Amino acid sequence: SMKVEEVMIRDVISVNRNSSIEEIVEVLTKNKLSGIPVLSDGGYLVGMVTEGDLLRLETTPRLPEFINLLGAVIYYHGVDTYNEDFKKMLAQKAADIMTEDVITVKEGTDIAEVVHLMLDHNIKQVPVVDGSKIVGMVARADIIKLLLNK
């Protein structure tokens, strides 16, 4: 049976606890990711920020710009034209919105088990850890590609 190490991406794109929402959105959109791990300075996994976390942000309902933010790269130099709520929201940090209780797998975990985790918890990517050090990410899309190329 196939293992996580055969499909995981070792070059992990991450943010830290102090990364702003603005930075996170920029990284997600630029890399076409739906979520990103939050690492401590030592490279330990402390959380995940997903599109869902961004959409659940406590914001005023009159912010259609925010929804557009997820779909496209915003030209940030124009941000001072946005209202104060929007600026306040963008200034929040990863630590304020991240999910700390992250579902993780190991390099030796069966792909079948990962698929079950993804479906049960409705998640698109799972961090691969060795202890609490992050060593890779496994994404739904990569598993699908792998299965198609068998």
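Definitions and limits used
Residues numbered from 1 in each chain as written. Predicted model: local features only at pLDDT ≥ 70, side-chain atom pairs only at ≥ 80, totals over all residues. Heavy atoms only, no water. 1 Å grid on protein atoms, 1.4 Å probe; cavity = no way out; pocket = protein on both sides within 12 Å on 5 of 7 lines; lining within 4 Å. Points joined across faces, edges and corners; volume = space filled by probe spheres on them. Helix = DSSP H or I, 4+ residues; strand = E, 2+ residues; numbered from the N terminus. Nonpolar A, V, L, I, M, F, W, Y, C, P; charged D, E, K, R; others polar. Buried < 20%, exposed > 50% of the residue type's maximum accessible area, 1.4 Å probe, protein only. Pairing = 2+ DSSP bridges.

**Observations regarding the layout of surface pockets**
Reasoning step 1: Space inside the largest pocket adds up to approximately 380 Å³.
Reasoning step 2: Every residue lining the largest pocket is counted, 16 residues in all, and those nearest its centre are Thr50, Asn122, Ile123, Lys124 and Gln125.
Reasoning step 3: Contributing elements (two or more residues each) for the lining of the largest pocket: strand E3 (45–50), helix H2 (51–55) and strand E4 (125–130).
Reasoning step 4: Of the residues belonging to the lining of the largest pocket, the class tally is 5 nonpolar, 6 polar and 5 charged.
Reasoning step 5: Every residue lining the second largest pocket is counted, 16 residues in all, and those nearest its centre are Ile9, Leu33, Gln125, Ala139 and Asp142.
Reasoning step 6: For the lining of the second largest pocket, the elements supplying multiple residues, two or more each, are strand E2 (35–39), strand E5 (133–139) and helix H7 (140–148).
Reasoning step 7: Counting residues per element, the lining of the second largest pocket draws most heavily on H7, which supplies 3 residues.
Reasoning step 8: Of the residues that constitute the lining of the second largest pocket, the class distribution is 8 nonpolar, 3 polar and 5 charged.

**Some remarks on the pairing of E3**
Reasoning step 1: The buried count for E3 comes to 5 of 6 residues, which makes it a mostly enclosed element.
Reasoning step 2: In this sheet, E3 lies alongside E2 in antiparallel orientation, the contact comprising 5 bridges. Looking at E3, one finds that Gly35 is bridged to Thr50.
Reasoning step 3: Taken together, E2 and the strand that follows it, E3, pair antiparallel across an intervening segment of 5 residues, in which Gly43 is found at a positive phi of about 85°.

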